[in-house]
Every structure is written in structure tokens, then in C-alpha cells.
Amino acid sequence: MTVSIEPPLAMLAEITHRCPLRCPYCSNPLELSKRSHELSTKVWLNILDEASELGILQVHFSGGEPTVRDDLTMLIKHAEKKGLYSNLITSGVLIDKSKLSSFVDSGLQHIQLSIQGADSKVGDYIGGFPGGHQKKLEVAQLIHDVDLPLTLNAVVHRHNIGQIKKIISLAEKLHAQRLEVANVQYYGWGFFNRKSLLPNREQLMEATEEVNKARDRLKGRLVIDYVVPDYYARRPKACMGGWGRRFLNINPAGYVLPCHAAETIPGLRFERVTDKPLSEIWYHGSAFEAFRGTDWMPAPCSTCDRKEIDWGGCRCQAAAITGRPDATDPACELSPDHGSMNSIAQNESKPSQEQFQYRRM
């Protein structure tokens, strides 16, 4: 089948892997890019030029912690100049009033602020950064003061999923327009720490009930996005809107990826934006073509009436659970490996004394 390829809607610009937080669920690879391997300011400016020419509409500055880079203000300003909607995904712990003002004056249009819990005890423990939670509250107030739209990102797992109700209340208090309650997706450090992070089904059901009640109560005031862990799903999600369809990611070293976790898939060859034009990589890169469209799909995906809805689910997850990136996503109840995922969820969500290992640079 001939695949019609449209320009990507968004680009995730991972400008660094450096981060003062040490979250054990970080989706970045276990082997993080060192500062010496990061792209220069000049290269990132060229990337923004190419992104605009390619037809990309949104750029999400991320990391690690993107505010560790001294040139972030310059990058935001250049994105504004090229007509790109700019969003900053940040822990907030390195932002002060002056730095935030420079971002806003340069054209920043939105901030996604992460929290690791509803209070300092839990938040600082999960992030491995003493004083971090209080700093986030102060930064959220600064964001409100400059009238910048705020999304609160709450990544939940066994250690904080019981705080859902308090997290929702915190989002209200901090004047967030949107709250993303995202159960950990088990790639990178999350996969490494899965046994100490995976919630049990009862915890998930209770959290889901709280989210549904809050959605009804706060309709029109706070948008709540809710991402359940695939380990308890019956159908796969359309990962990134489908492989190579609407999104691309550029890591700190300049490799262009179909999704932020694609490096976990063995055998894929990723190309660097310093070696080839971004448009050529998007339209013809071997990693993007590997699972684009539907021709690659095995049964039962190939005959499923949802194949152009979920696009076969998550390739990184299929590789992690089955060892085969072209297998049916085991999150799907029609997958022959669905039982294996259920067994993992049942066995690894049991209370244990096993402690997670913090992300380390």
C-alpha cells in the first residue's frame, strides 16, 4: 500500500539529557548523552529553520532539563521568528523570575511543568532533589503571574498514584489549564525500574475513578488527560499518533527518531540531522519507513479494522516484551503475547522491598 506522508505536526527538541532531578521513571535512555556530545547553538538554530521549512507547527523544548542550556532563550526567540509554536517541558527547579521573563519576552507560548507528587515528602523523594517540590510551586505562581498557559504533568506510579485526588486539587490551586495524569510508560529508566514502579490493578481502578469524578466536576475549568499503563490495557494506543506520521524527535546528539524511546529498538539505523536534511530523514529515513503505514503489520493487526486507528500500537513496547519490534503490541488483547503482559502486571505490581534506582548521568 502506498503511504501518503504529510509533514510532521510537532518536533520534540531534546536539547540536553542533563537534569538536576533523578526520576527513576525517566524515559531517556540508560546511556545518556554527555554535554560534550550536545549539538551547538548554531546547529539547533539551523534545525529550527529546517523544521519550519518542513511544515512543522510546534516545537517542544525538552530534555533532560532544557533550562540548563544557556542558549534556550535564543532558541525560543528563533522559533518565534520562524513561526513555530513553542512549548517548554521543564521540571522548573532552575527557573526564576528573571529567566521566565526572558523566555516570555522571546516568544514562549506554553509551559509544561512536571511534578513528582502532591507534597514535598513524596515529590522530593521521587525526584531525588531536596526542595524541588516547593520550588515547583513557586515557579507555577510565577507562570500564573505572567499569564502564560500552564499544563501540569504528573507522572504516576506505585509510589504516588494514591495521591491522585490531591494532585488534581494542586492543579486547581496552581491555576493550571490542563493536567496530564500519565501513568509511567515503561521505557528507558522506567523499564529498568518496572518492578518497583508498576501499580496494582486496585490502585489503578481507584485512580481512574478519581479522575473521572474530577473530569465531571471540573468540566470547562480544567482539562484532564489520563494515560493508563499499557500493562492493564485491552487495546493499544496509537503511539505518537502512529509511527512516522505526525511527530519526530531529535535527541541531544542530533539523531532523528520517530519517537523518544525508539533507540531501545535493536537493529534500527538512525540518521543525524548534521549529516542529512531533516526533510530527507522524515520522508525517506530507514527508521521512519520501518513501521510507517500498515504493510509491515503481522496478523491479527493486518486484518484488524482498527489498524488505521492505533497503527499497530507501540513498537518499543513490542520489542521490550516480545523481543520482536514487528510483533503485535502485547497491550492488545488479540496479541498472542497479551497473556505475558498480564502476568508481568500481576507479578511485578505486588508489594515488595525492592527499591528503585535513581536516574544517573
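Everything discussed here concerns the structure shown above.
Predicted model, so just to flag it, every value in this text is computed and none were measured.

Undergrad: Could you give an account of helix α9 (residues 201–217), with specific residues and numbers?
TA: With 17 residues, α9 ought to run about 24 Å at 1.5 Å a step, and its terminal C-alpha atoms sit 24 Å apart, in line with that. Of the positions making up α9, those classed as buried are Leu-204, Ala-207, Val-211 and Ala-214. Seen end-on, α9 carries its buried residues on one side only, within an arc spanning 95°. Counted as exposed and oriented over 90 degrees from the buried face of α9: Glu-202, Met-205, Glu-206 and Asp-216. Where α9 is buried, its residues contact α6 (164–173), β6 (178–183) and β7 (223–227). Measuring from the side-chain oxygen of the N-cap residue of α9 to the backbone nitrogen of Glu-202 gives 3.1 Å; that N-cap residue is Asn-200.

Undergrad: Pulling in residues and values, what's your account of the pairing of strand β4 (residues 110–115)?
TA: Taken across its 6 residues, β4 has 6 buried, putting it largely inside the fold. Alternating positions in β4 separate into two faces, His-110, Gln-112 and Ser-114 on one and Ile-111, Leu-113 and Ile-115 on the other, with burial throughout. Where strand β3 (residues 85–90) lies against β4, 4 bridges are found, and the strand directions are parallel. Residue pairing across strands places Asn-87 opposite His-110, the latter belonging to β4.

Undergrad: I'd like to hear about the side chain of Arg-292, residue by residue, with values.
TA: Note that Arg-292 resides in the loop between α11 (286–289) and α12 (315–322). Lacking a salt bridge, the buried Arg-292 has Glu-289 as its closest oppositely charged neighbour, with an N-O distance of 5.3 Å. From its side chain, Arg-292 meets the backbone oxygen of Gly-244 in a polar contact 2.8 Å long. Here the side chain of Arg-292 touches Trp-282 through a polar contact of 2.7 Å, landing on its backbone oxygen.

Undergrad: Talk me through the packing of helix α2 (residues 72–81) against helix α3 (residues 97–106); I want residue IDs and the actual numbers.
TA: Where α2 meets α3, the axes come as close as 8 Å, and the angle between the chain directions of the two elements is 20°. Of the possible angle classes, the one that applies to α2 and α3 is roughly parallel. Of the two possible hands of crossing, α2 and α3 adopt the one that is right-handed. Residue-level contacts link Leu-72, Thr-73, Ile-76, Lys-77 and Glu-80 of α2 to Ser-102, Phe-103 and Ser-106 of α3.

Undergrad: Mind laying out the side chain of Asn-153, listing which residues take part and the relevant values?
TA: Here Asn-153 is to be found in strand β5 (residues 150–156). Look at Asn-153 and you get buried, because its relative accessible area is 12%. Beyond its immediate stretch of four places on either side in the chain, Asn-153 contacts Ile-89, Gln-112, Leu-113, Ser-114, Ile-115 and Glu-180.

Undergrad: Give me helix α1 (residues 41–54): which residues, what numbers.
TA: The terminal C-alpha atoms of α1, which comprises 14 residues, lie 20 Å apart, in line with the 20 Å expected from a rise of 1.5 Å per residue. By the burial criterion, the buried members of α1 are Trp-44, Leu-45, Ile-47, Leu-48, Asp-49, Ala-51 and Leu-54. Those residues of α1 that are buried lie in contact with β1 (10–14), β2 (58–62), α2, β8 (247–250) and α10 (278–284). Looking at the residues trailing α1, positive phi occurs at Gly-55, about 105°.

About the cut-offs
- Residues numbered from 1 in each chain as written.
- Predicted model: local features only at pLDDT ≥ 70, side-chain atom pairs only at ≥ 80, totals over all residues.
- Heavy atoms only, no water.
- Helix = DSSP H or I, 4+ residues; strand = E, 2+ residues; numbered from the N terminus.
- Expected span 1.5 Å × (residues − 1).
- Buried < 20%, exposed > 50% of the residue type's maximum accessible area, 1.4 Å probe, protein only.
- Arc of directions from axis to C-beta.
- Contact = heavy atoms within 4.5 Å.
- Polar contact = N/O pair within 3.5 Å; in protein donor to acceptor, adjacent residues only side chain to side chain.
- Pairing = 2+ DSSP bridges.
- Lys, Arg positive; Asp, Glu negative; His and termini not counted.
- Salt bridge = Lys/Arg side-chain N within 4 Å of Asp/Glu carboxyl O.
- Axes fitted to C-alpha atoms, helices over the stretch in contact; angles between N-to-C directions.
- Parallel < 35°, antiparallel > 145°, perpendicular 65-115°, else oblique.
- Left-handed = near helix turned anticlockwise from the far one by under 90°.

Fair warning: the whole summary comes from geometry, so function is off the table for now.
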